[in-house]
Amino acid sequence: MPIESSPISQCVGSTLRESIFAERDQPPFDRVAMDGIAGDSDTWRRGERRLKLQGVQAAGAPQTALARKDYAIEVMTGAILPAGCDCVVPIEQIDVEDGYATIRPSADVTPFHNVHRRGSDACEGAQLLASGTALRAPEIAVAASAGLARLRVSRQPAIAVVSTGDELVEPGEPIAGFQVRRSNAYAIVAALLQRRLARVAEEHIRDEESSLHERLGLYLGTHDVLVLSGGVSMGRFDLVPKALKHLGVEEVFHRIAQRPGAPMWFGVGPAGQAVFGLPGNPVSTLTCLIRYVVPAIAVSMGAGERAPERVALAAPVTVDGPRAYFLPVFVGHDDSGRPWAHPRPTNGSGDFLSLAGTDGFIELPPGPNTYPHGFVATVYRW
Ligand code: AMP
Ligand code: MG
């Protein structure tokens, strides 16, 4: 995906496509870290405990200066440390009376105590964020601290989510006994929105060559990514691969040695559009979306390599065929805080009701094999 410049307030969830450097030392001055009084630790060391209050150094005010060593200045958190002062005694450790502050014996009055020293977190020009970083709340704060009102981020792909199938009926519409609710497109859009991929169009196409040609042709002209559900298997009305080829989408692969989701199709359109044909069985659709489509989009947006989440199996699992096995799991923690993947097998790839309440699925290598309790596998979260 190309780079665009976006107002920082709209960048959360995006991938940063520039490196960000400190505008100034961080903190930019010796920063008062507690509300209290600032003074000279030497004076305290010499035994002086009662200091005349000379004035106030507020946050956001230019630096004042200590007029005499046995004076003190009232200071607020976030203020610049007044000149001539080298420490801050918190308000809880002083008693104020008649314009004098008396420091309690328990106070710790050492140089630069309660002072956040200039440049102690980063020096001016230091790299704070690398290109490829995912922008969450802390990274947004760091970028703002560097003085940037706009950030260079990946443009969001325009994604078309298209379901196919003559049997499918929209929620809210009357339905006949032989028909099926259209749920996949809702699940796909939900998974994309959860990842802040919001440029999503969505529609349903009947299993009919001319409609597929017309509508898919249209989406190829307007969208970067097409995510199709259904119509990629071996049935008489699985017309999607043929329609895509007709529209100039080049097949990269059809079928993967995996369960569920074996019929998955992938191709690249004439303008480089990524076209994913996901099998319509709802467990397959969602599994393939999370396993392939979501990571592909993340990479296209310049996301840096992220270590996979690995969790141990809470119970042995047998994989019978020579195909990778995606097993829904619930990730729970034991009394020592260790995570375990608890298998929640479905009643086949049509049984998406069992997915409710699961955290995602693990990928087990092709069998035949029995993976024991404690076998560590990669988890993909919904
Ligand atoms: P297909 O991949 O088109 O052969 O569909 C496989 C199975 O998934 C069939 O039982 C379909 O009814 C079902 N299915 C396909 N698309 C959807 C959808 N959008 N929502 C729910 N079920 C679907
Ligand atoms: Mg179908």
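Rules of the game
Residues numbered from 1 in each chain as written. Chains lettered and ligands numbered in written order. Predicted model: local features only at pLDDT ≥ 70, side-chain atom pairs only at ≥ 80, totals over all residues. Heavy atoms only, no water. Buried < 20%, exposed > 50% of the residue type's maximum accessible area, 1.4 Å probe, protein only. Helix = DSSP H or I, 4+ residues; strand = E, 2+ residues; numbered from the N terminus. Arc of directions from axis to C-beta. Contact = heavy atoms within 4.5 Å. Domains from an automatic or database assignment. Buried area = accessible area lost by both parts, 1.4 Å probe. Pairing = 2+ DSSP bridges. Axes fitted to C-alpha atoms, helices over the stretch in contact; angles between N-to-C directions. Phe/Tyr/Trp six-rings, centres within 6.5 Å; stacked < 30°, edge-to-face > 60°.

## Side note on helix α3 (residues 184–194)
- By the burial criterion, the buried members of α3 are Asn-184, Ala-185, Ile-188, Val-189, Ala-191 and Leu-192. Buried residues along α3 cover an arc of 160° about the axis, so they all sit on one side.
- Contacts made by the buried residues of α3 are with β13 (159–164), β16 (200–205), β17 (225–229) and α6 (282–300).
- Arg-196 sits one or two positions beyond α3 and adopts a positive phi of about 60°.

## With respect to the domain arrangement of the protein chain
- Splitting the protein chain by domain gives domain 1 (3–26 + 121–154), domain 2 (31–116), domain 3 (159–300) and domain 4 (309–381).
- Spacing between the C-alpha centres of domain 3 and domain 4 amounts to 25 Å.
- The interface of domain 3 with domain 4 comprises 16 residues on the first partner and 17 residues on the second.
- When domain 3 packs against domain 4, the two sides together hide about 1400 Å² of surface, and 63% of this comes from carbon and sulfur.
- Considering only the side of domain 3, the residues that lose the most area to domain 4 are Arg-259, Val-283 and Arg-291, jointly responsible for 45% of the buried surface there.

## Notes on the sheet that holds strand β21 (residues 274–278)
- If you walk across this open sheet you meet the 6 strands as β16-β13-β17-β21-β20-β18, and the pairing is mixed. Either end of the sheet is taken by a strand with one partner, and the two such strands are β16 and β18 (250–254). Taking each pair of neighbouring strands and ignoring which way they run, the sheet shows an average axis angle of 15°.
- The pairing of β17 with β21 spans 5 bridges and is classified as parallel. Residue Leu-228 lies in a different strand from β21, and its bridge partner there is Gly-277.
- Against the sheet, helix α4 (residues 209–222) makes contact with β13, β16, β17 and β21, and its axis sits at roughly 170° relative to β16, the strand it touches most.

## A few points about the packing of aromatic side chains
- A full pass over the atoms with the stated rule returns 6 aromatic pairs.
- Here the aromatic rings of Phe-266 and Phe-276 are separated by 4.9 Å at their centres, their planes lie at 45°, and the arrangement is tilted. Of this pair, Phe-266 sits in strand β20 (residues 265–268) while Phe-276 sits in strand β21; the two residues are 10 residues apart in sequence, bridging distant segments of the chain. Each member of the pair, Phe-266 as well as Phe-276, is classed as buried.
- Between the aromatic rings of Phe-361 and Trp-382, the centroid separation amounts to 5.5 Å while the plane-to-plane angle is 55°, which identifies the pairing as tilted. Remark: Trp-382 occurs in the segment after β28 (376–381) and Phe-361 occurs in strand β26 (residues 360–364); sequence separation between them is 21 residues.

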